[in-house]
Structures are given as C-alpha cells and as structure tokens.
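Examining the three-dimensional arrangement
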Amino acid sequence: MVSVQNIKKSFDNNIVLQDINLTVNKSEVVVIMGPSGSGKSTLLRCITFLEEPDTGIIKLGENEVIAGFKPNKKRKSSIRELRQNTGFVFQQFNLFPHKTALENVMEGPIVIKKMDRQEAKEKAKVLLNKVGLGDRMDHYPAKLSGGQQQRVAIARALSMEPMVMLYDEPTSALDPELVREVLLVMKELAKEGMTMVVVTHEMGFAKDVADRVIFMDDGMIVEEGSSDQIFNRPREERTKRFLRDVS
Ligand code: ADP
Ligand code: MG
C-alpha cells in the first residue's frame, strides 16, 4: 500500500532522516516510537510531501513520487493525489473554528472532491456517528472537549476515503482522561481494516493494535518487530534505554 524508499532529509546541515525504508501493507497498523527529535514527524510529512524529501521515492498504491525533481504539471498532480489519498491527523486538531463538527467533516469532499452538498452531509453524519459524535454534529469546536475535537478530526480525515491514515501523536495534547476515547476510535478503525501509521508513545495501544512497531532514533529505523518483541525482547541498546525512560 505504502512504500517509502531511501528517504533522506536535511534541514541546513542537520540530517534529520538518514535513509528510511519502510513498507506498509494493506490493513496493516504500524506504530512508530522514538525520542523527541528523532525524525518521526518529518517522516510522516515526507510521506505526504508536506515536506519534500531530498532524495527517495514514495509510493502509494500505483502512484509513485520521486523526490528531488523540479515541479511540473504531472508531478504536482501526483503530489496532489498522494495527499488526497492520505488522511493526516495531527497532535493539534486544527479544525475550522467557525464551522460546526458536521461542516468540518463535509468541507473536504465538497471543496476537493466536488461532492454534492447533500451527499457530503449524509456521509459526514455517518462518519460522526462512527466516531461517537452523533449528538454533537452541530457543535462548534470551542464547545467540544479535546477528545471530541480529535474525533472530529479523524472523521474529517476519513471523509476523503484515504488509502492510509497517518497519525502524529494524536493523543499527546489531550488531558489523560480523554486519551482513551480517541484510541478506542482508532482501534475500531484498525479492526475494520484501515491501513495506519501511528506515531505514539501509548504502549497499551501499540500492544493491542500494532502489527509492527518501529523504533526510530537519530533519523534512522533502529529496530522493528512485533510489539511483543520490541517491548519484551528489544535487541538494541537504544531501544532498551528508550523503553526504560518512558515506562
Ligand atoms: P520528532 O517528531 O521525532 O520529535 P521531528 O521530525 O519533529 O522529530 O524533528 C527532527 C529534527 O528535525 C529536529 O532536530 C527538528 O529540530 C528538525 N526539524 C524539523 N522540522 C524542521 C524545519 N522545518 N526546519 C528545521 N529543522 C527542522
Ligand atoms: Mg513529532
């Protein structure tokens, strides 16, 4: 489904991604962990070309984008397609403050997919019900808790019917009592077969849901394996140290 090949990225003289290779299969859930500054967010941003990698290739389904070329029409349309087929959920929910939950979820399909308004509304309702917000559709973000806002953000990402969902520390900005409701929604989506890449330090989620856990440090994939292997039998010293520090 997703293939990341030889991705390298520097900011000035700071090498942030050294040479990342990663394949995510259809319906697979991959959890990425690693210390702050290890390049996790940059990797997710490179997958969608929100950040252009210096070199490397990103493939999503049949669409392939090679980094480091000058923009032309074909390339721009490939990048657009890449983004349209990727759902991105950030730590900060970034909802439109002047739109209701329902309007937030309808926006993408109407503006980008040119979907009929009534159809977009019906689909948005289904999605908001799915994330447990059937009774909050007409609320503005300011009237919703952080957990509810993040669930709207997930519904909004799903409204574009992405091939893969990318989550960048989706529960890090939430009060502890609101973390569970967001993780439950993500777990439900995983069960339904959604392909997901999740940057999180929630080990319970990783143990329950991840098909594969990747440990990153210093712009590299240091170690990857099942959650059981990574958490109970880490091979690398850096993984061991990280796990000691976060637990
Ligand atoms: P993580 O998400 O693992 O905490 P990031 O991908 O955010 O790590 O950052 C990795 C490194 O890249 C950090 O040293 C960070 O300061 C640097 N970095 C990230 N984005 C930029 C940017 N736009 N300009 C310059 N440096 C950046
Ligand atoms: Mg980050």
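An unreviewed UniProt entry annotates the protein as Ectoine/hydroxyectoine ABC transporter ATP-binding protein EhuA originating from Virgibacillus necropolis. Regarding the protein, the relevant UniProt record gives this comment under Subcellular location (unreviewed entry): "Cell membrane".

Attention shifts here to the overall build of the protein. The secondary structure content of the protein amounts to nine helices and 10 strands. What you see for the protein is a C-alpha radius of gyration of 18 Å, in line with the 18 Å of a compact globule of 247 residues. The principal-axis extents of the C-alpha atoms in the protein amount to approximately 50 × 45 × 30 Å. Burial status across the protein gives 51% buried among its 247 residues. Taking the intrachain contacts of the protein between residues at least 6 apart in sequence as the baseline, contacts between residues at least 24 apart amount to 63%. Total accessible area computed for the protein in this model is approximately 12,200 Å², and 47% of it derives from carbon and sulfur atoms. Side-chain charges in the protein split into 36 positive and 35 negative, and the spacing between the mean points of these groups amounts to 4 Å.

Further remarks concern the sheet that holds strand β1 (residues 2–11). Sheet architecture is open: four strands sit in the order β2-β1-β4-β5, paired in antiparallel fashion. Both outer strands of the open sheet, β2 (14–24) and β5 (63–66), are each paired with one neighbouring strand and no more. Taking each pair of neighbouring strands and ignoring which way they run, the sheet shows an average axis angle of 15 degrees. Along the sheet, helix α1 (residues 40–47) makes contact with β1, β2 and β4 (55–60), crossing β1 at roughly 120 degrees.

In the neighbourhood of ligand 1, the contacting residues comprise F11, N14, V16, P35, S36, G37, S38, G39, K40, S41 and T42. The backbone of S38 places a nitrogen or oxygen atom 3.2 Å from an oxygen atom of ligand 1. T42 is positioned with one of its side-chain polar atoms (N or O) 2.5 Å from an oxygen atom of ligand 1. Notes on ligand 1: free accessible area 560 Å², of which the protein chains cover 59%. Secondary structure elements with two or more residues in the shell around ligand 1: β2 and α1. Split by residue class, the shell around ligand 1 holds three nonpolar, seven polar and one charged.

This part takes up the pairing of strand β7 (residues 164–168). Burial analysis of β7 places five of its five residues in the buried class, the great majority of the element. Residue alternation in β7 divides its side chains into two sets, V164, L166 and D168 and M165 and Y167, and both sets are buried. Where β7 and strand β8 (residues 196–199) come together, four bridges link them in parallel fashion. When the sheet's bridge partners are listed, M165 is paired in β8 with M196. Chirality of the crossover, the property in question, places the unit of β7, helix α6 (residues 176–191) and β8 among those that are right-handed.

Turning next to the UniProt feature "domain: ABC transporter" (unreviewed entry) in the protein. Per the UniProt record, "domain: ABC transporter" (unreviewed entry) is found at residues 2–243. Within residues 2–243, the helical portion is 39% and the strand portion 25%, while the C-alpha atoms at the span's ends are 27 Å from each other.

Calculation rules
- Residues numbered from 1 in each chain as written.
- Chains lettered and ligands numbered in written order.
- Predicted model: local features only at pLDDT ≥ 70, side-chain atom pairs only at ≥ 80, totals over all residues.
- Heavy atoms only, no water.
- UniProt positions renumbered as here; feature names shortened; annotations may be inferred.
- Helix = DSSP H or I, 4+ residues; strand = E, 2+ residues; numbered from the N terminus.
- Rg over C-alpha atoms; globule rule 2.2 N^0.38 Å.
- Buried < 20%, exposed > 50% of the residue type's maximum accessible area, 1.4 Å probe, protein only.
- Contact = heavy atoms within 4.5 Å.
- Areas by Shrake-Rupley, 256 points an atom, 1.4 Å probe, with all protein chains shown as cover.
- Lys, Arg positive; Asp, Glu negative; His and termini not counted.
- Charge placed at Lys NZ, Arg CZ, Asp CG, Glu CD.
- Pairing = 2+ DSSP bridges.
- Axes fitted to C-alpha atoms, helices over the stretch in contact; angles between N-to-C directions.
- Near = heavy atom within 4 Å.
- Polar contact = N/O pair within 3.5 Å; in protein donor to acceptor, adjacent residues only side chain to side chain.
- Nonpolar A, V, L, I, M, F, W, Y, C, P; charged D, E, K, R; others polar.
- Right-handed = clockwise from strand over helix to strand, strands pointing away.

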